[in-house]
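Here is what each chain is made of, one letter per residue.
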Amino acid sequence: MLRSSGRHTRSTNGDKATDNSASKDKKIAVSKFQFMNSENADHVFVNILGENSTQKIFILMVNFDFSKGWASVKKSTLWCSEDHGESFHIRNFLQDAKISFMQTFTSNPQKMILTDAENKMIYTTEDGLVHNSSHSVPVEPDLLIPHPSNETKLLIYGFTEQKLYGSENFGETWTLVAENVITPFYWGHSDFDASEDVVHMQIEGEIPSQAFYKACLLPGCQPVSGDLQVLEKAGLFMAGTLMVHNEFIFVQKENQIRSESFLMVSYRRGLFNRAQFPTNDITNNFQILNVDDHQVFVAVHHGDTVNLYLSDETGQYYVLSLADVFHDEKPDWFEIDFAEVKGMNWTYLANKILKRDSLKPDFVQTYVSYDKGGNWAPLFVNQSCLKIESCSLLLELKYTFEVDSVSSAESAPGIILGHGLLGQGHQKRQSSIFVTNNGGATWEQAPLNSTCFLRILNYGGLLTAIPDEPWSKTVHYSLDQGKSWQSQKFDEKGLSIIDWIAVEKTQDALVQNMFGRESTEKPWKYVKLDMTSLLPKKCDDEDYEIWSPKDYNAGDSTNKCVLGRVVQYNRRKPEAVCNNEEISTYKVMNNSVCLCTNEDYECDFGFEKADDGCRKAAWLDSSFVPSECDNGGDYFQSQGYRKIPADVCTENEADKKKYDRKRAACPSAAPKGLSLMTEMKTIPVGKQITFSLEQARGSKWDTQYTWDFGDTSETVSVTGFKNASQEQHTFQTSGSFNITVTAENKKGKAKASFAIRVQDRLTKLRILAPWALVINQDVKINVLPMSISQVFPTSLDSIHYLWSFGDEAPNSRSLLSWNSSMTHSYAKAGTYNIIIEASNSISSVSEEFEVRIFESAMILELQLEITSTYFLVKNSLIASFLTQSIRQQVAQELGLHMDRLVAISSSNQSVAYLYLFPTQRENEMSVTQIRDKIIEQANKGLLAFDLFNSHLSSKDLIKIVSAKELSGPPEATDKKSGPNLTPVFIAVPMLAAVFISLAVLGVCFYRRKRRSGARYSLFETQDESDTMLDDEDVAPLNMNLEISGGASTIDDSLIDSGRNCLVMETGGGIGGSEEVC
């Protein structure tokens, strides 16, 4: 339960202002609080609960441990202030609690949830933490998402588990929503979903880089109806790209070779359609900037350039807004210089590249738009000076850690603070602070030449700036909307500020809070700046003026219509130094609608601006058919114009006749831009796979689509893209297949193809190796991978092996090879544990067995007489049956334990070698006695046996006709890979059947499944139930298989053994090869 500790002492400082213009009776009251024993905290989180007298400030200090490769909480402390930051005390929870995050609720300032990921706990409060309840949760609570309207409903998610749970009782109990969920995910929207209880998710596909859409209805995961069920069949898209905003759902797809990405848009929960951008430039990535007012504003990465585009109301058709926006390249991402002005949500700022220079930085200029990106113009200090060299203003439009480059506020329309430079924009100079109070028409330069924390308080009546320096000591402020500035010290030694909090409540609109410390070895400090004394007078009616924003790019300075409306604000005059105590005095006075003009229209998709209006673009050819024609019939054809979706102007009949679309019959055009996609390029035999078809251009309603899967199945032909966009197929045999789709109508045809590899899932390894040999003699090991459908996969070249022979140095890496055969010698006698792992693109399996190495052994050369036709086939498995039968027969005839013998075949089928080993057991024959007995019985013709236990004819006998002792090991005939000794099969039970009635007695040796080391963890998806056969299971043997002794057509030299990464095809991506580290 919650309990309080003792309070610590605070200090108050009323330093004199450093600027002489500040009168003595107008000082900022500075309060400081030092958090004792907080030196080790490396992360700080601040939350404010309640309002007015009930307001509480919570500060969570966390010390994270990153030694394990991820962030885990070592220690956390929660501090609370109930007197507006004058003092703080510690709030304690259960013993060993490690709070990592605080979740507040905008709809209820008294509610809060604190998460403890380490212990899988949450703490909930509904009264500002006067009381709290603790609840265990089923996952590490990494993300907690409140319901948009019902405070009792929550979603909780753990990154490690990838599971999403829902609660309907404020965290007391949880129900599983879905597994394999990828962030982000979203609650439903009341205007566009059946319920806000709908959860929009992306579920991870067979490979982590892909996902598919899923929607559920709480509680649990009840099925949704209608359009969302159709969206679930939309196929795979790039993982992590799902965005749900208002009426739009976005995902991102890519082509087969990953050279281009596509933005897919669902409008009002309809089918996903490919977003159409002007020109044929490649699109690599997208950044959604704004989706307000029924229009999408998006930044598109085209390789070397980034452009801004505006959509129609469906979010599918885009026109160019601003080209060549300055950006920074990031791994698989990009950042642009762009800002949306708060309080004037139709005003955008962006930095445009005017000239590229390989020898110096690009020449960049800030552009401004007052109509949501419809028209842009360079930003100047004022409208009377338009010289780029001296009057252009280049603003920094990126966020640097906690510092906002540009600051604006919803409560202060027209006021913008920013860091910037005057003049040409490719010179590196120290930036200054610039301020505008009329939405960007004119700017004032503040006497501050440093990067600062910028804030707007008191609804624009107070502007503050604190330098972002290692030891910040001074706060600068303006009481007249940036026309003049004053300053005051708040700390003698200075603080390194990490958080700069504006408490914009009715009572605290003039209170500013800071958080920082003098150095990393010092405790944290909380600094409260109470600026109430700077504005002691309450504003009267005469202190306010009517202000209307304008579109200064339109040319008519008297036109107050912006996006079809006139907005008038009643706001404080800049020269009126008074306190805006009541928010009701700062309000919209008028919001009237204007008649439409040319400024309220833009060129439609496929059209470009011309002197006489909009004309058809050269890049738009007859192959473009709008998505409204997917099912044929009529559609509304553009006349080249479209009304700006965010514009609310009133049209007259003349406007409608000139600009509105006209009904026309859907055109027929040859299909173009077909592309095929599927979840994996390598799949298991027998797995149903879904192929998705995309078509960029051409008509779809009158086109016939023919699917050919490249195997023995029949082709599938359907008419209409809706019926052909997805096909499912199951490949019954392994191999490489080429899937093709042919689209054809009366105007022409197009074809798309996709190569896929079908592999057997590895279930077991048959190890062919001797159980014992002598030192310094090569032990040859053959590995025979097995699958469910057959003994050996047909695609042996796609299997790679990891070998560990048991005599490696500590912490050494396993040997990686494409070969299923390996030789190894041991320098010392002993028992060694050999581990072999085989992996292909869809599965992985490992086996272990022991080999015993002796100092020496007696070796007999056996001459054989073989009449069985089965042994005419030369491969390692057949040879292993022969040598194992010899070993078993000799041991049986002489009454020996099997561990006294090892039989080895040679390249000559009529010769085999028998190794005799000593024993420590009493009353057993010596090696010499065994030798003599074998030679004697062989010479008498007594060592003969029927390999198949008399199930076959007598001509299948094997006879040992003679035996002699060798003075040393047999000479190797294969110098490249070691002695050509095909090993005995002993590691797993012998195969029990060959076709109808083949049965061979085997020896069961120690074997166990070994999990693959993370160093070589290549394959993300394995079915544990399929990885191994039971020991009693017997797989059929095909005696006619051509096994080459393990040689692979892939050269091991292609494997870069000097790196910590393994590069090979893993089936992990549509584009082919994937690098896994």
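Given the structure is predicted, the values throughout are model-derived calculations rather than measurements. (Residues numbered from 1 in each chain as written. Predicted model: local features only at pLDDT ≥ 70, side-chain atom pairs only at ≥ 80, totals over all residues. Heavy atoms only, no water.)

Caption draft 1: Representation of the overall build of the protein chain in the model. In terms of regular secondary structure, the protein chain is built from six helices and 79 strands. In the protein chain, buried positions account for 53% of the 1077 residues. When contacts within the protein chain are restricted to residue pairs at least 6 apart in sequence, long-range pairs at least 24 apart make up 57% of them. Counting every atom, the protein chain has about 47600 Å² of accessible surface; 47% of that belongs to carbon and sulfur. (Helix = DSSP H or I, 4+ residues; strand = E, 2+ residues; numbered from the N terminus. Buried < 20%, exposed > 50% of the residue type's maximum accessible area, 1.4 Å probe, protein only. Contact = heavy atoms within 4.5 Å. Areas by Shrake-Rupley, 256 points an atom, 1.4 Å probe, with all protein chains shown as cover.)

Caption draft 2: The arrangement of unusual backbone geometry in detail. Residue Pro184 is reached from Thr183 by a cis peptide bond, and omega for that bond is 0°. Here Pro184 lies in strand β16 (residues 181-187). Of note, the bond from Leu218 into Pro219 is cis; its omega dihedral lies within 30 degrees of zero at 5°. Residue His84 is not a glycine yet carries a positive backbone phi of 60°. Looking at the secondary structure, you find His84 in the loop between β6 (72-81) and β7 (89-92).

Caption draft 3: Main features of the state of the cysteines. Inspection of every chain in the model, using the stated rule, returns six disulfides. The residue that forms a disulfide with Cys216 is Cys221, at a sulfur-sulfur distance of 1.5 Å. What makes Cys216 buried here is its relative accessible area of 1%. Linked covalently through their sulfurs, Cys629 and Cys666 form a disulfide whose S-S length is 2.1 Å. Taking the sign of the torsion about the S-S bond as the criterion, the disulfide between Cys629 and Cys666, at about -85°, is left-handed. Linking Cys629 in the loop between β53 (613-616) and β54 (634-637) with Cys666 in the loop between β56 (662-665) and β57 (672-678), this pair joins segments that are 37 residues apart in sequence. Assigned by exposure class, Cys629 and Cys666 land together as buried. (Disulfide = S-S within 2.5 Å.)

Caption draft 4: Here's a closer look at the confidence of the model for the protein chain. With 81% of its residues at a pLDDT of 70 or more, the protein chain has an overall mean of 80. Segment residues 1-24 is flagged for pLDDT under 50; beyond a separation of four residues in sequence, or across chains, it makes 61 contacts in the model. Here residues 502-508 scores under 50 on pLDDT; set against residues more than four positions off or in separate chains, the count is 20 contacts. (pLDDT = per-residue confidence, 0-100.)

Caption draft 5: View of the side chain of Lys372. Along the polypeptide, Lys372 turns up in the loop between β32 (363-369) and β33 (377-378). Reaching out from Lys372, the side chain makes a polar contact with the side chain of Asn290 at a distance of 3.2 Å. For Lys372, the side chain forms a polar contact with the main-chain oxygen of Asp292, separated by 3.1 Å. Apart from the residues lying within four places of it in its own chain, the contact partners of Lys372 are Asn290, Asp292, Asp293, Phe297, Leu310, Asn345, Trp346, Tyr348, Leu563 and Ala646. (Polar contact = N/O pair within 3.5 Å; in protein donor to acceptor, adjacent residues only side chain to side chain.)

Caption draft 6: A look at the side chain of Asp193. Inspection of the secondary structure puts Asp193 in the loop between β16 and β17 (198-204). Classification of Asp193 by relative accessible area gives buried; the value is 9%. Within the structure, Asp193 has its side chain in polar contact with the side chain of His200 (distance 3.0 Å). A polar side-chain atom of Asp193 sits 2.8 Å from a polar atom in the side chain of Arg269. Asp193 has contacts with Gly188, Val198, His200, Leu228 and Arg269, leaving out every residue within four places of it along the chain.

Caption draft 7: Molecular detail of the environment of Leu144. Within the secondary structure layout, Leu144 lies in strand β12 (residues 143-146). It is 9.8 Å that separates the C-alpha atoms of Leu144 and Gly166, two residues lying 22 residues apart in sequence. Apart from the residues lying within four places of it in its own chain, the contact partners of Leu144 are Gln103, Ile113, Thr115, Leu154, Leu155 and Ile156.

Caption draft 8: The pairing of strand β14 (residues 163-167), seen in detail. In terms of residue burial, β14 counts as a mostly covered element, since four of its five residues are buried. Linking strand β13 (residues 154-158) to β14, which pair antiparallel, is a turn of four residues; within it Gln162 sits at a positive phi near 55°. Relative to strand β15 (residues 175-179), β14 runs antiparallel, the two being bridged by four bridges. Of the residues in β15, the one forming a bridge with Leu164 is Ala178. (Pairing = 2+ DSSP bridges.)

Caption draft 9: Main features of the environment of Asp65. As for its position among the elements, Asp65 is in strand β5 (residues 56-65). Along the chain, Asp65 and Lys75 lie ten residues apart, while their C-alpha atoms are 9.1 Å from each other. Apart from the residues lying within four places of it in its own chain, the contact partners of Asp65 are Trp70, Ala71, Ser72 and Lys74.

Caption draft 10: Representation of the sheet that holds strand β43 (residues 474-478) in the model. An order of β41-β42-β43-β44 is seen for the four strands of this open sheet, with the pairing classed as antiparallel. Across the chains shown, the open sheet's two edge strands, defined by having one partner strand only, are β41 (452-457) and β44 (486-489). Neighbour-to-neighbour, the strand axes of the sheet open up by a mean angle of 20°, direction not taken into account. Sheet analysis places strand β42 (residues 462-467) next to β43, joined by three bridges and oriented antiparallel. Paired with Leu463 across the bridge in β43 is Ser478. (Axes fitted to C-alpha atoms, helices over the stretch in contact; angles between N-to-C directions.)

Caption draft 11: Inspection of helix α6 (residues 927-939) at higher detail. Here α6 is 13 residues long and its end C-alpha atoms lie 18 Å apart, about the 18 Å a rise of 1.5 Å per residue gives. Three or more residues of α6 are buried, namely Val927, Ile930, Arg931, Ile934, Gln937 and Ala938. The buried residues of α6 all sit within an arc of 145° when viewed along its axis, so they share a single face. Note on α6: the residue one or two positions beyond its end, Gly941, has a positive phi of about 75°. (Expected span 1.5 Å × (residues − 1). Arc of directions from axis to C-beta.)

Caption draft 12: Molecular detail of the pattern of salt bridges. By the definition in use, this model includes 32 salt bridges. Between Arg931 and Asp932 there is a salt bridge, with the nearest N and O atoms lying 3.0 Å from each other. Take Arg931: its relative accessible area is 18%, and that puts it in the buried class. By relative accessible area, which is 38% here, Asp932 ends up partly exposed. Taken together, the shared-partner salt bridges connect Lys32, Asp491, Glu518 and Lys525 into one network. (Salt bridge = Lys/Arg side-chain N within 4 Å of Asp/Glu carboxyl O.)

Caption draft 13: A look at the nonpolar core. Ile781 and Ile836 are the most contacted members of the largest nonpolar core, which has 35 residues in total. Elements that contribute at least two residues to this core include exactly β65 (762-768), β66 (772-774), β67 (779-787), β68 (800-804), β71 (830-839), β72 (844-854), β74 (901-905) and β75 (911-916). Of the residues forming this core, the biggest block, five residues, is contributed by β72. (Core = buried A, V, L, I, M, F, W, Y, C linked by side-chain atoms within 4.5 Å.)

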